[in-house]
Amino acid sequence: MQTGRPSITARGAAAFRAAHQELEGGRVFSDPLALRILAADADDPVLEAAFHPGREDVRLSVAARARFAEDAVAAAVTRGVRQAVALGAGLDTFGCRNPYGTEGLRVFEVDHPATQEWKRDRLSAAEIPVPPSLTFAPVDFERQSLADGLTAAGFDPARPAFFLWLGVVPYLTHTAVLDTLGLIAALPDGSGVVFDYGEPPDALPPEQRAVHEARAAWAAEAGEPFLSFFTPEELADQLRRLGFSTTEDIRYRDLTARYESGHRDAAGHADLDAHVIHAWTRG
């Protein structure tokens, strides 16, 4: 990862969201800021790849993941939650688009201080205003905990919160993943999280394993190796043990089909081994 910039995988996800706006008209997930925040990186070959016609399946999966997460935020707001946290926010624009600001939803973006400074420069250059409802929570995990960083930014641990945690879990250790989920589960009832994860390679059928190995090799070469995998059964048990009362685990291909009915067959997504989880506590 380049110091002071979102990781290559985070930039790639941002590029796929942006390309979805241009090539599929944002039919699964609408983000009017996605192209603007990437304007200065237009010639980056990593981002260029997202616009290739043959990458539609990945664009739609990334778009469906984002749509699912923001739908979950809407449900949390309906439950009375007024704090949202984007962990490893990268170039995500939800905090700038926050449609629930008038209802009192505060958004906290957590990222490395240098990465956040770079992003804020990007927002300024793209003339994307930072609304009063958005608070940047710089956290250097080598020097401070997530809980301390959030509290310093004004997050209230005595109130429920909803966490957006996309494209990050596979690059963390098991311990780091479960510690973060434990922090969320310990918040007041009504708190929740959407995150994604990958299954262990040896649990996959041969055709999926080959695709996974290619992705893992690319990530490792970029300096961002996969560090953790979970089986659905293992993760469901861990979430119950931590205190989450309700969970929904859905594969990328099924999630895409949910939003793509009437457009295309979901069979094109069968090679994606990742899952997205929505978990929350009672309330």
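See the structure printed just above.
This is a predicted model, so every value here is computed, not measured.

A. Quick look at the environment of Arg-282. Tracing the backbone through its elements, the reader meets Arg-282 in the segment after strand E7 (274–280). Linking Arg-282 and Ser-191, residues 91 residues apart in sequence, is a C-alpha distance of 7.9 Å. Apart from residues no more than four positions distant in its own chain, Arg-282 is found in contact with Asp-189, Gly-190 and Ser-245.

B. Looking closely at the sheet that holds strand E3 (residues 134–138). Ordered in space as E3-E2-E1-E4-E5-E7-E6, the seven strands form an open sheet in which the pairing is mixed. Both edges of this open sheet fall to E3 and strand E6 (246–251), since each of them pairs with a single strand only. The average undirected angle you get between the axes of adjacent strands in this sheet is 20 degrees. Where strand E1 (residues 83–87) meets strand E2 (residues 106–111), five bridges bridge the pair, whose relative direction is parallel. Bridge pairing links Val-85 to Phe-108 in E2. Against the sheet, helix H4 (residues 56–78) contacts strand E4 (162–165), strand E5 (192–198), E6 and E7, and its axis sits at roughly 175 degrees relative to E4. Running at roughly 160 degrees to E4, helix H8 (residues 174–185) makes contact with E1, E4 and E5 of the sheet.

C. Structural view of the nonpolar core. In this structure, Leu-38, Val-73, Leu-105 and Phe-162 are the most contacted members of the largest nonpolar core, which totals 48 residues. In terms of residue count, H4 provides more of this core than any other element does, twelve residues in total. With residues up to four places along the chain from it excluded, the contact list for Leu-38 reads Ala-14, Ala-15, Ala-18, Leu-47 and Leu-91.

D. The pairing of E3, seen in detail. Counting buried residues along E3, four of its five residues qualify, which places the element largely inside the surrounding structure. Relative to E3, E2 runs parallel, the two being bridged by five bridges. Its bridge partner lying in E3, Asp-111 is registered against Pro-138. Handedness of the crossover is the feature at issue here: the chain leaves E2, passes through helix H6 (residues 113–125), returns alongside E3, and the resulting connection is right-handed.

E. Looking closely at the packing of helix H1 (residues 8–23) against H4. Following both chains from N to C, one finds H1 and H4 inclined at 100 degrees, their axes separated by 9 Å at the closest point. Considering their axes alone, H1 and H4 lie roughly perpendicular with respect to each other. Packed against H1, whose contacting residues are Ala-13, Phe-16, Arg-17, Ala-19, His-20 and Leu-23, the element H4 presents Val-58, Arg-59, Leu-60, Val-62, Ala-63, Arg-65 and Ala-66 at the interface.

F. How the structure looks around the pattern of salt bridges. All chains considered together, the criterion is met by twelve salt bridges. Its salt-bridge partner being Arg-97, residue Asp-31 comes within 3.1 Å of it at the nearest N-O pair. In this pair, Asp-31 is assigned in the loop between H1 and helix H2 (34–37) and Arg-97 in helix H5 (residues 94–97), connecting sequence segments 66 residues apart. Each member of the pair, Asp-31 as well as Arg-97, carries the same accessibility label: buried. The partner of Glu-70 in a salt bridge is Arg-97, and the shortest N-O contact between them spans 2.6 Å. Separated by 27 residues along the polypeptide, Glu-70 in helix H4 and Arg-97 in helix H5 bring together distant segments of the chain. Side by side, Glu-70 and Arg-97 carry an identical accessibility label, which is buried. Through salt bridges with shared partners, one network takes in Arg-27, Glu-56 and Glu-260.

G. Fine view of the pairing of E4. The alternating pattern of E4 places Phe-162 and Leu-164 and Phe-163 and Trp-165 on opposite faces, both of which are buried. Where E1 meets E4, three bridges bridge the pair, whose relative direction is parallel. Following the sheet pairing, Ala-86 is matched in E4 by Leu-164. Traced from E4 through H8 to E5, the parallel crossover comes out right-handed.

H. Molecular detail of the side chain of Glu-260. Considering the arrangement of structural elements, one finds Glu-260 in helix H11 (residues 252–260). Taking the relative accessible area as the measure of exposure, Glu-260 reaches 1% and is therefore buried. Look past the residues within four positions of Glu-260 in its chain and what remains in contact with it is Arg-27, Val-28 and Leu-60.

About the criteria used
- Residues numbered from 1 in each chain as written.
- Predicted model: local features only at pLDDT ≥ 70, side-chain atom pairs only at ≥ 80, totals over all residues.
- Heavy atoms only, no water.
- Helix = DSSP H or I, 4+ residues; strand = E, 2+ residues; numbered from the N terminus.
- Contact = heavy atoms within 4.5 Å.
- Pairing = 2+ DSSP bridges.
- Axes fitted to C-alpha atoms, helices over the stretch in contact; angles between N-to-C directions.
- Core = buried A, V, L, I, M, F, W, Y, C linked by side-chain atoms within 4.5 Å.
- Buried < 20%, exposed > 50% of the residue type's maximum accessible area, 1.4 Å probe, protein only.
- Right-handed = clockwise from strand over helix to strand, strands pointing away.
- Parallel < 35°, antiparallel > 145°, perpendicular 65-115°, else oblique.
- Salt bridge = Lys/Arg side-chain N within 4 Å of Asp/Glu carboxyl O.

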